[in-house]
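Per-entry structural report
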Amino acid sequence: MNGTFRVGNLFGIPFFVNASWFLVLGLVTWQYGGALAALFPTLGPVAPWMLGLFTALLLFASVLAHELGHSWVAIKQGIGVKSISLFLFGGLANLERESKTPAEAFWVAIAGPLVSLFLSGLLTAIGIGAGLTGPAAAILGLLASINLALALFNLIPGLPLDGGNILKAIVWKITGNPYKGVIFASRVGQIIGWIAIATGLFGNIWNLVIGWFLLQNAGKSAQYATVQNQLAGLTAADALTPESPIVPEHLSLREFANNYVIGKDQTWRRFLVTDDAGQLVGALDLDDLKTIPTGRWPEVLVKELVKPIEFSTTVKPELSLLEVVTLLEQLKVQELPVIRENGVLVGLVEKAEIARLLQRRDQAKPA
């Protein structure tokens with residue numbers, strides 16, 4: 001992530017802070033340091049600002065505890081946590097995958113607000129029980145209030161907030177479809193975002209900022225879930241590239257040129273070559289034909305120009321197209337070969353063809 005710095009590990013989880021975090025740290029230090037200076041003039045010129053910085057760090061520690069709540073429940077479900085990041089609007093626990101059931105998704109989502117509510121109650125109890133006064137009581141009271149606000153704000157039922165993820169889990173449970181849950185919770189998040197912006201126009205700058213944040217992220221979640229929902233019922237076999245560039249090795253170069261190159265709307269510069277059993281043996285580049293005089297093309301076989309080719313990953317025809325897209329993104333490739341259990345090459349599945357498939361399905365839907 002641009003502008004993000006790794007600062008260490010927490011319980012084995014990489015911990016990052018965004019550059020925007022320093023902005024908020026400075027603002028909170030300045031604002032609360034000034035408040036302490038006004039409330040407790042006996043503190044002198046330096047102590048209020050040091051206490052303001054200390055309070056700001058405790059504020060972010062509260063946000064961090066919130067994210068660790070999500071992470072702890074996710075880990076208990078066998079879900080890895082890639083990282084925890086702090087940024088302008090709070091924190092984010094980056095999980096390796098989604099929960100497998102709506103109940104599990106519910107507990108991951110609600111864990112953060114529960115941690116914040118617990119901290120709010122604990123800090124309030126300490127403040128009352130210890131009979132604190134002065135700056136210590138003020139700081140403790142502020143942190144208790146902030147944790148309560150953090151819990152309540154995150155329980156707003158719209159993505160990307162925790163309340164949106166709770167709503168997603170509920171809709172998932174009702175419909176049996178996780179993507180419908182995401183789409184519904186995203187739409188609610190967008191509505192709340194517009195409301196926040198509308199109220200922010202009357203002078204509340206933070207409402208404007210929060211509304212914009214909700215609109216941007218909820219919109220992306222809805223778009224991504226819509227695509228996931230479309231992909232969920234499809235397999236790699238549904239997205240095979242028409243006339244995938246596959247040729248048998250026993251063809252002569254003349255037969256190959258006549259049948260696959262000459263007079264064709266040629267978009268392929270490389271062809272996959274299969275043996276008599278239909279299994280992948282390598283690839284033939286069109287440019288390599290130039291190394292053989294055309295007079296010899298009838299006697300030279302395709303297999304004589306085959307170069308080894310290695311795909312780090314292949315997919316089976318019945319694999320979910322959603323999993324195929326995930327693999328394409330993880331491997332940062334544009335295409336993957338589709339191979340049956342017996343090793344026979346079926347064709348290629350490409351990002352571009354998947355996009356065209358989704359476009360055709362959208363166009364085919366009744367208005």
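Scroll up to find the structure.
Predicted model, so just to flag it, every value in this text is computed and none were measured.

Describing the overall build of the protein
In terms of helices and strands, the protein carries ten helices and nine strands. Radius of gyration (C-alpha) of the protein: 29 Å, far over the 21 Å computed for a compact globule of 367 residues. With respect to the principal axes defined by its C-alpha atoms, the protein has extents near 100 × 45 × 40 Å. Considering the protein as a whole, with its 367 residues, one finds that 41% of them fall into the buried category. For the protein, contacts bridging at least 24 residues in sequence account for 59% of all contacts bridging at least 6. Accessible area of the protein: about 19,800 Å², with a carbon and sulfur share of 63%. Across the protein, the 26 positively charged side chains and the 26 negatively charged ones have centroids separated by 7 Å.

So, the packing of helix α6 (residues 178–200) against helix α7 (residues 205–232)
The geometry of α6 relative to α7 is characterised by a closest axis approach of 7 Å and an angle of 160 degrees between their N-to-C directions. The angle between α6 and α7 falls in the class roughly antiparallel. The handedness of the crossing between α6 and α7 comes out as left-handed. When its residues are assigned to classes, the contact of α6 with α7 shows 15 nonpolar, 13 polar and one charged.

Describing helix α1 (residues 19–39)
Helix length check: α1 (21 residues) gives 31 Å between terminal C-alpha atoms against 30 Å at 1.5 Å per residue, within 8%. Buried within α1 we find Ser 20, Trp 21, Val 24, Leu 25, Val 28, Thr 29, Tyr 32, Gly 33 and Leu 36. Where α1 is buried, its residues contact β2 (13–18), α2 (47–76), β3 (81–87) and α4 (134–154).

Observations regarding the sheet that holds strand β6 (residues 270–274)
Through backbone hydrogen bonds, the strands of a sheet pair up, either in parallel or in antiparallel fashion. Taken together, three strands build an open sheet; the order of strands is β5-β6-β7 and the sheet is mixed. The open sheet is flanked by β5 (246–248) and β7 (280–285), the only strands paired with a single partner. Sheet twist, expressed as the average angle between the axes of neighbouring strands with direction ignored, equals 35 degrees. The strands touched by helix α8 (residues 253–261) within the sheet are β5, β6 and β7, with β5 carrying the most contacts at an inclination of about 150 degrees.

A closer look at the environment of Leu 64
When you line up the elements, Leu 64 lands in helix α2. We classify Leu 64 as buried; its relative accessible area is 14%. Once residues lying within four places of it in the same chain are set aside, the contact partners of Leu 64 are Leu 10, Phe 15, Ile 84 and Leu 86.

About the criteria used
Residues numbered from 1 in each chain as written. Predicted model: local features only at pLDDT ≥ 70, side-chain atom pairs only at ≥ 80, totals over all residues. Heavy atoms only, no water. Helix = DSSP H or I, 4+ residues; strand = E, 2+ residues; numbered from the N terminus. Rg over C-alpha atoms; globule rule 2.2 N^0.38 Å. Buried < 20%, exposed > 50% of the residue type's maximum accessible area, 1.4 Å probe, protein only. Contact = heavy atoms within 4.5 Å. Areas by Shrake-Rupley, 256 points an atom, 1.4 Å probe, with all protein chains shown as cover. Lys, Arg positive; Asp, Glu negative; His and termini not counted. Charge placed at Lys NZ, Arg CZ, Asp CG, Glu CD. Axes fitted to C-alpha atoms, helices over the stretch in contact; angles between N-to-C directions. Parallel < 35°, antiparallel > 145°, perpendicular 65-115°, else oblique. Left-handed = near helix turned anticlockwise from the far one by under 90°. Nonpolar A, V, L, I, M, F, W, Y, C, P; charged D, E, K, R; others polar. Expected span 1.5 Å × (residues − 1). Pairing = 2+ DSSP bridges.

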